[in-house]
There are 2 protein chains.
Amino acid sequence: MVFESHQPSDAPGWVARVQLPEPSLQDNTADVDRLGDALRKEFGLKALDVDLSLGRGLPSLLRENHFAVRCLVCRDRHRGVLIHAGPDHARTVLAGLAIDLGTTRVVMRLMDLDRGKVLAETAFDNPQLTIGPDVLARIHYTDRPEGLAELNRLIIDGVNRHLERLCESCGLNTAHVHLIAVAGNTAMSHLFAGLPARWIIREPYIPAANRFNLIPAAQLGLAAGPLAQVMIFPNVGSYFGGDLIAGILYSGLHTDSQTAILVDVGTNAEVVLGNKEWLMACAGAAGPALEGGMSRIGTTAAPGVIDRVRIDPRSGEFHLHTIDDQPPVGICGSGVIDLAAQLFGAGMIDIRGRFQPAQCGSRLQMHDGLASLTLVSGDRSGNGRDLCISQVDMDSLVRSKAAMYTILETITGTMGIALEDLEIFYVAGTFGSLIDPKSAITIGMIPDLPLDRFRPLGNSSLGGATLALTRRSLPEEAERLRESITYLELNVNQDFMNRFSAAKFIPHTDATRFPSVKMGAS
Amino acid sequence: MVFESHQPSDAPGWVARVQLPEPSLQDNTADVDRLGDALRKEFGLKALDVDLSLGRGLPSLLRENHFAVRCLVCRDRHRGVLIHAGPDHARTVLAGLAIDLGTTRVVMRLMDLDRGKVLAETAFDNPQLTIGPDVLARIHYTDRPEGLAELNRLIIDGVNRHLERLCESCGLNTAHVHLIAVAGNTAMSHLFAGLPARWIIREPYIPAANRFNLIPAAQLGLAAGPLAQVMIFPNVGSYFGGDLIAGILYSGLHTDSQTAILVDVGTNAEVVLGNKEWLMACAGAAGPALEGGMSRIGTTAAPGVIDRVRIDPRSGEFHLHTIDDQPPVGICGSGVIDLAAQLFGAGMIDIRGRFQPAQCGSRLQMHDGLASLTLVSGDRSGNGRDLCISQVDMDSLVRSKAAMYTILETITGTMGIALEDLEIFYVAGTFGSLIDPKSAITIGMIPDLPLDRFRPLGNSSLGGATLALTRRSLPEEAERLRESITYLELNVNQDFMNRFSAAKFIPHTDATRFPSVKMGAS
């Protein structure tokens, strides 16, 4: 599996040095217009806004620097904005901030906009978790008086707090930050902008906004340079947000002639299928099993979390790998998938995902009438508790993987494409980096493709947000992309249910679809 | 002479009522995008900015009003801005302010933007007069520390103070004002926006800005609605400002197939010649004689100021009319022109403008070796002082009128148009309203055209600024106009000097050019 950098470093960015022709009696264009004309040309813009505060300083700046200046420009769909103008030779860092605005976790990357280099990164829990764990809980909270304002303040304060530290860590301060790019799902983007979110979850599911113009950072209460601007990735709709647009842009799927699929797995599975000619997207509930939602011991990736599992088929011995090799405290999505694949391989679960007492041996116990498999006993775990997987957890996993597979089958089927014809299979997120595609194939969650077609994208939302800071064509690309996506409404009709039922087996009722999977106890 | 209203009342303005299609599962466009789409269509815009504060209120506003809203939009060259959105049936006044930003006098008109009606008007001396009487003095003052800020504060505070009263006078407050249109010369526009003006008067005469985007009123410190925007008319260059662009737009000269000329007389005479196909402009020093600059008794139009003069050719009796019929205190430009024409008709001055002692009689006296004609003796004047015109004043008037005529001759000559072929002759300003064209022809200041070709425009800058508040095509028109004007640099070469010398006679060395003028004592 190759990790590709999807960010061409030679794409022109938002910083440009321009040498203006000096004015004369024959060419007495005004200063602002002179700079504006040059920058419009340089950036291919129809319109460029020069804030009055910049215009006021421009005549001196130009004359003191022989009309050679370094400028930071940004644009939204239609309009360019001059954010900074300074001496051509200045070495002051012009910084930008990329934000992956996750419901659970927020990741921020500080960039040097002039050099196109990463300066520092940080991640923190979304402070809105104190209000509610998921989108739904938070949107309901906005119905309270000041609920929206409170949620908005939490995330803005959180970003400010961590941005300050991030800046300090590289000898800068927040006034050096001139551009902020935010990739989040529709709800998170709304709460970030302080936009009412209640209609997102109510039929007919209307966001307040899908497309955002540049917003002054000051208006959002973000601590940054005086003219800093914020780009928020556009949403396709209530259930297809800017994080995915960012992810697609990062993958490059929309520019490739080969047909590829991109899967972002969370509580919702979001899937994009297409190539440079067409794009289709859908989203569906894949169940919480894949994102740390397993009862009691499920968790997201963190030190001490089991991310890889091997079971010796002869001895039945469990080899558990934990992140950072810490004593085990839980299991994440990729660990669960590995576990299920290994249990299946060892015959410890059957094709329905049912624990097989004979094969499981003493690890399998009954708690309150529920079969439960102990992975780690309390005396060897990191928190003194037994780490167990119950039959309920396993059933939940099987439903999740079946939903995932059914969604993939449906979207490809809609376009008349066979799953095995997918040339590239992108898997986004930490999940995508940690998952062992072989295990995911074994349990029938993803199609049985040659392993070299699977491409983990890493944090593609952050990657897309970083591109927004460094590639001047991005706002147009994002808008074009947004408009070209056909959103497939997943009708949970009889057809879908039939496919889902067939997928609720390991790997599938139709085992011929998974020729690489060695059938275990079946 | 007919005073025409140059403002078609049926042109669509900035207020629009829109009924949006209600969202459904089949049409789940986001609220901001839904309104934006409708308004872009309505206003023919590519881009529309919706401020976050409006976006935040939009979902409720739309749903509480069955998706029918009244909106106030404005635009600059490229970009539309939503300034206000409220219930369709709301009766709150949406007010706009038109400002004629004169160097000497500021005139403001409050408009109801929805109904397109004038609410109130006021005028006041430009508070920057305390710093300096003219553009030059004020620009030099900006070289002092805080000089620019002080000048800026004076005019902004002045506008705020008078706007507050203006609003009160019609039961409104400044928060009702959402749009402000400003027409001023290049220097005044700069001082209003707080832009450095020092390069305007230094070779090669470069303004900081010629074209202005919409500026938030708040950024200029103007007391108005929270999202109020300011439109500043664009300048052609340092010596051709937005006041003239406004004037041309108001006259309609740029849309007419007939070739017309527009003259704005002040310390500088500004002249525009053209039709809907082409426009040429020039400006030149016409001397202060025409704008209240005569020594001692010259003044601008005000109560007690002599604005019309008749001399009985037989008795030599002077009939002086004063504004508001107050006791005389001075004489304004139109009065001086009348006076000179009447003196010439009565033979009291010769073709060089020299007082003729025999005809002037006892009114003519020598003061310090200078011939001086008493118009009103101190016992009959409004201020106890004799009102006199000296030979120096008369010489100054002759030079001014000669300069004016030479400018007109030069600009028409450049285009190969004979002066007598001008179909319409617009005269802007108070001067234009008060002047008797017959007198101006008599002294040879303007060409000897049939009187019905002269059109006083009144305050054309204010008229243009008003149009900006009421006609949505205006920003585009202004920009197109600005770009289509060819600016004729008046080279004071031998040719010009020859023409000027020939024009320094009353009415002209070549009397055949003025067939309507009955030659007096010559």
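Rules used in this analysis
- Note that residues are indexed from 1 along each chain, following the sequence as it is written.
- Written order decides the labels, with chains lettered from A and ligands numbered from 1.
- For this predicted model, a pLDDT threshold of at least 70 governs which residues receive local features, and a threshold of 80 or more governs which side-chain atom pairs are given and counted, while totals over whole chains, interfaces and linings are taken from all residues.
- As a rule here, side-chain values come from all non-hydrogen atoms in the structure, and water together with hydrogens is ignored.
- When DSSP finds two or more bridges between two strands, those strands count as paired.
- The secondary structure listing takes helices from DSSP runs of H or I that are at least 4 residues long and strands from runs of E that are at least 2 residues long, numbered from the N terminus.
- By definition in these notes, contact holds between two residues if any of their heavy atoms fall within 4.5 Å.
- Between N-to-C directions, angles span 0 to 180 degrees; the directions come from axes that are lines fitted to C-alpha atoms, helices contributing only their stretch in contact.
- As used here, the term nonpolar core means buried Ala, Val, Leu, Ile, Met, Phe, Trp, Tyr and Cys residues forming a set that is joined through side-chain atoms within 4.5 Å.
- Between buried and exposed lies partly exposed: a residue is buried under 20% and exposed over 50% of the maximum accessible area for its type, with that area taken using a 1.4 Å probe on protein chains only.
- Whenever a nitrogen or oxygen atom comes within 3.5 Å of another N or O atom, the pair is scored as a polar contact, on the condition that within protein one atom can donate a hydrogen and the other can accept it, and that pairs from neighbouring residues in sequence are kept only if both atoms are in side chains.
- By this rule, a helix spans an expected 1.5 Å times one less than how many residues it contains.
- Here the buried area means the combined drop in accessible surface, using a 1.4 Å probe, for two parts upon being joined, counting both sides.
- Any carboxyl oxygen of Asp or Glu that lies within 4 Å of a side-chain nitrogen of Lys or Arg is treated as forming a salt bridge with it.
- We superpose the copies by least squares over the C-alpha atoms of residues that have a pLDDT of at least 70 in both of them.
- Orientation categories follow fixed angle ranges, with anything under 35 degrees roughly parallel, anything over 145 roughly antiparallel, 65 to 115 roughly perpendicular, and all other angles oblique.
- Here is the rule for handedness: rotate from the far helix to the near one, and if that takes an anticlockwise turn smaller than a right angle the crossing is left-handed, while a clockwise turn gives right-handed.
- Any residue outside Ala, Val, Leu, Ile, Met, Phe, Trp, Tyr, Cys, Pro, Asp, Glu, Lys and Arg is labelled polar, Gly included; the first ten of those are nonpolar and the last four are charged.
- Put simply, two rings from Phe, Tyr or Trp (the six-membered ring, in Trp's case) pair if the centres are within 6.5 Å, and we call them stacked under 30 degrees between planes, edge-to-face over 60, tilted for the rest.
- Only Lys NZ and Arg CZ are tested; either one counts as a charge over a ring when it is within 6 Å of the ring centre and within 35 degrees of the ring normal.
- Known as pLDDT, the predictor's confidence for each residue is given on a scale from 0 to 100.
- Here the positive residues are Lys and Arg and the negative ones are Asp and Glu; neither His nor the chain ends is included.

1. Side note on the sheet that holds strand S15 (residues 318-322) of chain B
All names here are of chain B.
Line of reasoning, step 1. If you walk across this open sheet you meet the 3 strands as S15-S14-S16, and the pairing is mixed. A single partner strand is all that each edge strand has here, and the edge strands are S15 and strand S16 (330-331).
Line of reasoning, step 2. Judged from the 5 bridges that link them, strand S14 (residues 305-311) and S15 form a sheet pairing that is antiparallel. By the bridge assignment, Ile311 is partnered in S15 with Phe318.
Line of reasoning, step 3. Across the face of the sheet, helix H7 (residues 333-345) comes into contact with S14, S15 and S16 while running at roughly 15° to S14.

2. Comments concerning the sheet that holds strand S6 (residues 105-112) of chain A
Residues and elements named next belong to chain A.
Line of reasoning, step 1. Here 6 strands make up an open sheet; going across it, the order is S7-S6-S5-S8-S10-S9 and the pairing mixed. Only two strands of the sheet have a single partner each, and these edge strands are strand S7 (117-125) and strand S9 (215-216).
Line of reasoning, step 2. Sheet analysis places S9 next to strand S10 (residues 229-232), joined by 2 bridges and oriented antiparallel. Opposite Ile215, over in S10, you have Val230 as the bridge partner.
Line of reasoning, step 3. On the sheet, helix H12 (residues 460-470) packs against strand S5 (95-101), S6, S7, strand S8 (177-184) and S10 and is oriented at approximately 155° with respect to S5.

3. A closer look at the nonpolar core
Line of reasoning, step 1. Judged by nonpolar contacts, the single largest core of 110 residues is most densely connected at Leu97(A), Ile99(A), Ile180(A), Phe192(A) and Val230(A).
Line of reasoning, step 2. A per-element tally of this core places helix H4 (residues 147-169) of chain A first, with 8 residues.
Line of reasoning, step 3. Excluding its chain neighbours within four sequence positions, the residues that come into contact with Phe192(A) are Ile99(A), Leu101(A), Asn152(A), Ile155(A), Ile156(A), Val159(A), Val182(A), Leu220(A), Leu222(A), Val230(A) and Ile232(A).
Line of reasoning, step 4. Formed by 109 residues, the second largest nonpolar core is a distinct cluster that contains Leu61(A), Leu469(A), Ile200(B) and Val230(B).

4. Remarks on the side chain of Arg34(B)
Residue and element names in this part refer to chain B.
Line of reasoning, step 1. Relative to the assigned elements, Arg34 resides in helix H1 (residues 31-43).
Line of reasoning, step 2. Take Arg34: its relative accessible area is 4%, and that puts it in the buried class.
Line of reasoning, step 3. Within the local environment of Arg34, its side chain forms a polar contact with the backbone oxygen of Thr29, the two atoms lying 3.3 Å apart.

5. Observations regarding H4(A)
Line of reasoning, step 1. The end-to-end C-alpha distance of H4(A), which contains 23 residues, comes to 33 Å, matching closely the 33 Å that a straight helix rising 1.5 Å per residue would cover.
Line of reasoning, step 2. Positioned one or two residues after H4(A), Gly171(A) has a phi angle of 70°, which is positive.

6. Here's the deal with the interface of chain A and chain B
Line of reasoning, step 1. Listed by partner, the interface residues are 45 residues for chain A and 45 residues for chain B.
Line of reasoning, step 2. Together chain A and chain B conceal approximately 3600 Å² of surface at their shared face, both sides included; 55% is due to carbon and sulfur atoms.
Line of reasoning, step 3. Summed over the three residues of chain A that lose the most area to chain B, namely Leu52(A), Arg56(A) and Ile206(A), the buried surface amounts to 16% of that side.
Line of reasoning, step 4. On the surface where chain A and chain B come into contact, there are 6 salt bridges.
Line of reasoning, step 5. The salt bridge partner of Asp37(A) is Arg211(B), with a shortest N-O separation of 4.0 Å.
Line of reasoning, step 6. Where chain A touches chain B, the interface holds 24 residue pairs in polar contact (both at pLDDT 80 or more).
Line of reasoning, step 7. Tallying contributions element by element places helix H2 (residues 52-64) of chain A first for the side of chain A that touches chain B, with 6 residues.

7. Considering the relation of the copies chain A and chain B
Put simply, the two copies of the chain differ by a rotation about an axis and a shift along that axis.
Line of reasoning, step 1. After a rotation of 180° and a shift along the axis of 0.1 Å, chain A superposes on chain B with an RMSD of 0.2 Å. Here the symmetry operator amounts to a two-fold rotation axis. Measuring from the rotation axis to each C-alpha of chain A, the shortest distance belongs to Arg79(A), at 3.7 Å.
Line of reasoning, step 2. Both copies present the same face, since 100% of the interface residues in chain A are matched by interface residues at the equivalent positions in chain B.

8. With respect to the packing of helix H9 (residues 391-414) of chain A against helix H14 (residues 494-503) of chain A
All names here are of chain A.
Line of reasoning, step 1. Remark: H9 packs on H14, axes separated minimally by 8 Å, with the N-to-C direction vectors making an angle of 130°. Looking at the two axes, H9 sits oblique to H14. The way H9 lies across H14 gives a crossing that is right-handed. Residues Arg399, Lys401, Ala402, Ala403, Tyr405, Thr406, Ile407, Glu409 and Thr410 of H9 form the contact with H14, whose participating residues are Phe496, Arg499, Phe500 and Ala503.
Line of reasoning, step 2. Along the lines of polarity and charge, the residues of the contact of H9 with H14 split into 7 nonpolar, 2 polar and 4 charged.

9. Thoughts on the packing of aromatic side chains
Line of reasoning, step 1. Following the criterion strictly, the structure yields 10 aromatic pairs over all chains and no others.
Line of reasoning, step 2. Aromatic side chains Tyr205(B) and Tyr239(B) sit 5.9 Å apart centroid to centroid with 65° between the ring planes, which places their arrangement in the edge-to-face category. A residue pair is termed long-range when its members are at least 10 positions apart, and Tyr205(B) in the loop between helix H5 (186-193) and strand S9 (215-216) and Tyr239(B) in the loop between strand S10 (229-232) and helix H6 (242-251) qualify at 34 residues.
Line of reasoning, step 3. According to the relative accessible area criterion, Tyr205(B) is partly exposed, its value standing at 28%.
Line of reasoning, step 4. Classification of Tyr239(B) as partly exposed rests on a relative accessible area of 39%.
Line of reasoning, step 5. Above the plane of the ring of Trp199(B) lies Arg63(A), whose end atom (NZ or CZ) is 4.4 Å from the centre.
Line of reasoning, step 6. Above the face of the Phe318(B) ring, Arg363(B) is positioned so that its terminal group lies 3.7 Å from the ring centre.

10. Things to note about the pattern of salt bridges
All names here are of chain A.
Line of reasoning, step 1. Counted by the stated rule, this structure contains 58 salt bridges over all chains.
Line of reasoning, step 2. Residue Arg211 pairs with Glu479 through a salt bridge whose shortest N-O separation is 2.3 Å. In this pair, Arg211 is assigned in the loop between helix H5 (186-193) and S9 and Glu479 in helix H13 (residues 474-484), connecting sequence segments 268 residues apart.
Line of reasoning, step 3. Classification of Glu479 by relative accessible area gives buried; the value is 10%.

11. Remarks on H7(B)
All names here are of chain B.
Line of reasoning, step 1. With 13 residues, H7 should reach 18 Å at 1.5 Å per residue; the first-to-last C-alpha distance of 18 Å fits that figure.
Line of reasoning, step 2. Most of H7 is tucked away: 12 of the 13 residues are buried.
Line of reasoning, step 3. Within the span of H7, buried status applies to Gly333, Ser334, Gly335, Val336, Ile337, Asp338, Leu339, Ala340, Ala341, Gln342, Leu343 and Phe344.

12. Some words on the confidence of the model for chain A
All names here are of chain A.
Line of reasoning, step 1. In the predicted model, chain A carries a mean pLDDT of 92, and 95% of its residues have values of at least 70.
Line of reasoning, step 2. Low pLDDT, under 50, characterises residues 1-8; the predicted model gives this stretch 20 contacts beyond four residues in sequence or across chains.
Line of reasoning, step 3. Interface predicted TM-score (ipTM) for the complex: 0.89; the corresponding pTM is 0.91.

13. Section: the pairing of strand S2 (residues 47-50) of chain A
Residue and element names in this part refer to chain A.
Line of reasoning, step 1. With burial as the criterion, each face of S2 is covered, one bearing Ala47 and Asp49 and the other bearing Leu48 and Val50.
Line of reasoning, step 2. As paired strands, S2 and strand S4 (residues 79-87) are joined by 4 bridges and run parallel to one another. The residue of S4 that forms the bridge with Leu48 is Gly80.

14. Considerations on the side chain of Arg138(B)
Residues and elements named next belong to chain B.
Line of reasoning, step 1. Along the polypeptide, Arg138 turns up in helix H3 (residues 135-141).
Line of reasoning, step 2. For Arg138, which is buried and forms no salt bridge, the nearest opposite charge comes from Asp134, at a distance of 6.5 Å.
Line of reasoning, step 3. A polar contact of 2.7 Å, which involves the side chain of Arg138, links it to the backbone oxygen of Thr103.
Line of reasoning, step 4. Setting aside residues no more than four positions away along its own chain, Arg138 makes contact with Thr103, Asn126, Gln128, Leu129, Gly132, Pro133, Leu151, Met188 and Leu191.

15. Here's the deal with the pairing of strand S19 (residues 387-390) of chain B
Residues and elements named next belong to chain B.
Line of reasoning, step 1. Burial along S19 is two-sided: Leu387 and Ile389 and Cys388 and Ser390, pointing in opposite directions, are all buried.
Line of reasoning, step 2. As paired strands, strand S18 (residues 370-376) and S19 are joined by 4 bridges and run antiparallel to one another. Within the sheet, the bridge partner assigned to Val376 lies in S19 and is Leu387.

16. Structural notes on the environment of Ala286(B)
Residue and element names in this part refer to chain B.
Line of reasoning, step 1. Of note, Ala286 is situated in the loop between strand S13 (279-285) and S14.
Line of reasoning, step 2. For Ala286, a relative accessible area of 2% translates into the label buried.
Line of reasoning, step 3. The spacing of Ala286 and Arg399 is 113 residues in sequence and 7.8 Å in space, taken between C-alpha atoms.

17. A word on the environment of Lys438(B)
All names here are of chain B.
Line of reasoning, step 1. Positionally, Lys438 belongs in helix H11 (residues 437-442).
Line of reasoning, step 2. Residues Lys438 and Leu451, 13 residues apart in the sequence, show an inter-C-alpha distance of 7.3 Å.
Line of reasoning, step 3. If near-sequence neighbours (up to four positions away) are discounted, Lys438 is found in contact with Leu451 and Ser516.

18. Some remarks on the packing of H6(B) against helix H12 (residues 460-470) of chain B
Residue and element names in this part refer to chain B.
Line of reasoning, step 1. Across the interface, H6 lies against H12 with an axial gap of 7 Å and an inter-helix angle of 75°. The angle between H6 and H12 places the two elements in the roughly perpendicular class. Contacts between H6 and H12 pair Asp243, Ala246, Gly247, Leu249 and Tyr250 from the former with Ser460, Ser461, Gly463, Gly464, Ala465 and Leu467 from the latter.
Line of reasoning, step 2. Along the lines of polarity and charge, the residues of the contact of H6 with H12 split into 5 nonpolar, 5 polar and 1 charged.

19. Concerning unusual backbone geometry
Residues and elements named next belong to chain A.
Line of reasoning, step 1. Following Glu203, the chain continues into Pro204 via a peptide bond in cis, with omega recorded as 0°.
Line of reasoning, step 2. By secondary structure assignment, the location of Pro204 is in the loop between H5 and S9.
Line of reasoning, step 3. Pro507 follows Ile506 through a cis peptide bond whose omega is -10°.
Line of reasoning, step 4. Along the chain, the position of Pro507 falls in the segment after H14.
Line of reasoning, step 5. With a phi close to 50°, Asp368 is a non-glycine residue in the positive phi region.
Line of reasoning, step 6. As for its position among the elements, Asp368 is in the loop between strand S17 (364-367) and strand S18 (370-376).
Line of reasoning, step 7. Under the relative-accessibility criterion, Asp368 is labelled exposed at 85%.

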